[in-house]
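Chain residues, written in single-letter form:
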Amino acid sequence: MKALRWLLLAVVLLIVALLAWWWFGGGHAPTPRSASKVSAATLADPQRIAQGRYLAIVGDCAGCHTAQGGAPLAGGRVIVTPFGDIPAPNITPDRETGLGDWSFEDFWQALHAGKGRHGELLYPAFPYTSYTRVSRDDALAMFAWLQSLPSVHQPDGKSSLAFPYSVRNSLKAWRALYFREGGFTPDPARSAEWNRGAYLVQGLGHCNECHAARDSLGGTPADVHLTGGQIPVQNWYAPDLGTRRHGGLEGWSAQDIVDLLKTGQSAKGAAFGPMAAVVSGSTQHMSDADLHAIASYLQSLPPRAAAAEQPVLFDAKVLTEQGGKVYTQHCAECHGKRGEGVAGVYPPLDGNSSVTEPSGINATRMVLLGGFAPATTANPRPYSMPPFAQQLSDQEVAAVVTYLRRSWSNQASIVRAEQVRASRHTPVD
Amino acid sequence: MTKTRRPLRPRWFAVASLFAFALIGASASRAADAPVIPDTLQQRIAACTSCHGVHGEGTPGSGYFPRLAGKPAAYLARQLQDFQNGLRKYAPMEYTVRQLPPAYLREIAEYFAAQQVPYSRSPLPPVSAAALQRGEELIGKGDPARRIPACSSCHGSQLTGVEPSTPGLVGLPYDYLSAQLGSWRTHTRSTVAPDCMATVASRLSPADITAVAAALASRELPADTHAQPAGSVTPPLACGVLGATGDDS
């Protein structure tokens, strides 16, 4: 009996030790620059640096690592998540507050395996779930470019994550569910263009980080790819990117996709909200070859299942009628009586995936906020839309958005005044 | 064996031409239906004019959306840049201008700077004669004991502003003026360092803010409301917006 008790104690102690290891363990020493297999001359190669600059634009590093009005890539922008705020770190070559002491091996470990310099697990606000597919050569070029930047001394902000998320090792469980260290394996059955597109979309472009729904743990299941979802906290809906039947971009030609990414607008719709920032900071600068490659890949996404039939609610008719009046008064002058838009100036609303996306939040917020189409080299003086937040009541916005979503060829669900009210409180950064 | 073509019989010709006209008519009415969008800056900046007015007249009645008409172009361009950089905080403005390139911001600023719109009276709060007098004092003389410079020492003798970067203060609503002074104190409105207006606002008491805003808003407009020429004043403080880089006194 006594022996059994001792055995039990031993088992308990073992479990505690294992848990402690799970919770606290996992660190390792950084690779010192002197021990790096990459020479200083390799990092100083101007051609590699230029290539790295281009790739960093493709990956839109500055989108997170440059704060509003801040020095380029010196960090400071706060990434808001349902789990707390995570400030993006300084990635300039400052020795104390940036990547000045990092070797390429350290950088590769962060990008590829989602681990910091001392082996600490990185929060997936840094999208290593996608970046793990980036090739070593491309990572090396980006590192060379980052190291060529002027160093900026700016300590990283503090995260506001709550327990247990504040303990980095809690990510072990998250990673077991949502992260596989990997790479990009080209599909020999497909063209080189398609493979390039797949590599960019799945890897550096990290499109899936927004264009797929996240679950309650903030992860995206491995089999969910570009099927659209609402971006947590930011509350914009990143649409499904399929161009085939029932896809969010159903009917978009390769040229429509290239146009949107290059100029900010296309015959099918315009970029706005977070995508406007992506176009302006990243995609407009991409080469035509890369844009066509992305289009070729997106066009190959499989057809989607039809959305469940929306039950026609008793108030849909009343809302739509009221919305029609608001539309005639405020919208038709620019978007046309049939929602046809004006080519190159105002996007069409008929058949526009941003109008008909499942949540209705995009059209609601566009009506409230208005704003300019992205300014790009191709469209440096964009037209704009008035914000209607001050002019229209929640009920009027709900009515006009419902009208848009159920007129012409559009057949989406209604939007209610309560949803509009909630959208008035969402952040606009 | 060539077949001679029979001329169209008049009746058929009439039917065919009617049909053709109907087609043309239909497409013409469809075209007439389509929105006609002028390629003008005014049309492009509908996002600005829907609140600030087509000519930048603002909303003098409520004072909520400030007047932009006739303010110095460099001042307006600076404000847009400050919204973009988060120095000046107002979410709808930050959202609206966040991706616009400097050349476009400048063009928009010049558009509003060039607008000539008569000023209109705005409602005043009930303030005592003593407060108005204190306000007038701050405008013309400042308060040397508290190192508050006179408004006129920077904003011009007639308070119509000074080219290129100092805005006029006359003709603006009380609500707008007091809200701006408050924003400087709470750092929701700031600009490039050294931020001289933040320094001045921090030296004003809340009662001073009411007094000076009321006095400015109740002033009669001068005959010429244009900003004074550049270099016509010597500011008593170092201001980043005026090109100063050092610390102010």
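Since this is a predicted model, take the numbers as computed values, not measurements.

> Give a description of the overall build of chain B that names residues and reports values.
If you tally the helices and strands in chain B, you get eleven helices and zero strands. Taken from the N to the C terminus, the helices and strands of chain B come in the order α-α-α-α-α-α-α-α-α-α-α. Split into buried and exposed, the 249 residues of chain B put 38% on the buried side. Put simply, of all contacts in chain B between residues at least 6 apart along the chain, 70% involve residues at least 24 apart.

> Give me the lowdown on helix α11 (residues 206-218) of chain B, citing residues and values where you can.
Residues and elements named next belong to chain B. Across its 13 residues, α11 extends 18 Å between first and last C-alpha, which sits within 8% of the 18 Å expected from 1.5 Å per residue. With ten of 13 residues buried, α11 lies mostly within the body of the structure. Where α11 is concerned, the buried positions are Asp208, Ile209, Thr210, Ala211, Val212, Ala213, Ala214, Ala215, Leu216 and Ala217. Next to the buried residues of α11 lie α7 (129-140) and α9 (174-185).

> Give a detailed account of unusual backbone geometry, specifying residues and quantitative values.
Following Phe163(A), the chain continues into Pro164(A) via a peptide bond in cis, with omega recorded as 5°. Within the secondary structure, Pro164(A) is located in the loop between α7 (136-148) and α8 (171-178). A cis amide bond links Glu163(B) with the next residue in sequence, Pro164(B), at an omega value of 0°. Tracing the backbone through its elements, the reader meets Pro164(B) in the loop between α8 (152-155) and α9. In this model, Leu73(A) sits at a positive phi of 65°, which is unusual for a non-glycine residue. Here Leu73(A) is to be found in the loop between α4 (61-65) and β1 (78-81). Judged by C-beta crowding, with 26 C-beta atoms within 10 Å, Leu73(A) ranks as buried.

> Describe the interface of chain B and chain A, naming the residues involved and giving the relevant values.
Counting from both sides, the interface comprises 24 residues of chain B and, opposite them, 27 residues of chain A. If you list the elements that add at least two residues to the side of chain B that touches chain A, you get α2 (41-44), α3 (46-52), α5 (91-97) and α6 (102-113) of chain B. Here the side of chain B that touches chain A takes five residues from α5(B), the largest share from any one element. Among the residues making up the side of chain B that touches chain A, the classes are represented as 15 nonpolar, six polar and three charged.

> Could you give an account of the pairing of strand β2 (residues 84-87) of chain A, naming the residues involved and the relevant values?
All names here are of chain A. Both β1 and β2 contribute to a ladder of four bridges, which runs antiparallel. Residue pairing across strands places Val78 opposite Pro87, the latter belonging to β2. Linking β1 to β2, which pair antiparallel, is a turn of two residues.

> Can you tell me about helix α5 (residues 104-113) of chain A, naming the residues and giving the values?
Residue pairs three or four apart in sequence face the same way in an α-helix, which turns once every 3.6 residues. Among all positions of α5(A), only Phe104(A), Asp106(A), Phe107(A), Gln109(A), Ala110(A) and Leu111(A) are buried. Elements that come into contact with the buried residues of α5(A) comprise α6 (128-131) and α7 of chain A.

> Go over the environment of Thr66(A) with me, naming the residues and quoting the values.
If you trace the backbone, Thr66(A) turns up in the loop between α4 and β1. Measuring from C-alpha to C-alpha, the distance between Thr66(A) and Gly157(A) comes to 13 Å, with 91 residues separating the pair along the chain.

The rules behind each value
- Residues numbered from 1 in each chain as written.
- Chains lettered and ligands numbered in written order.
- Predicted model: local features only at pLDDT ≥ 70, side-chain atom pairs only at ≥ 80, totals over all residues.
- Helix = DSSP H or I, 4+ residues; strand = E, 2+ residues; numbered from the N terminus.
- Buried ≥ 20, exposed ≤ 12 C-beta atoms within 10 Å, placed from the backbone.
- Contact = placed C-beta atoms within 7 Å.
- Expected span 1.5 Å × (residues − 1).
- Nonpolar A, V, L, I, M, F, W, Y, C, P; charged D, E, K, R; others polar.
- Pairing = 2+ DSSP bridges.

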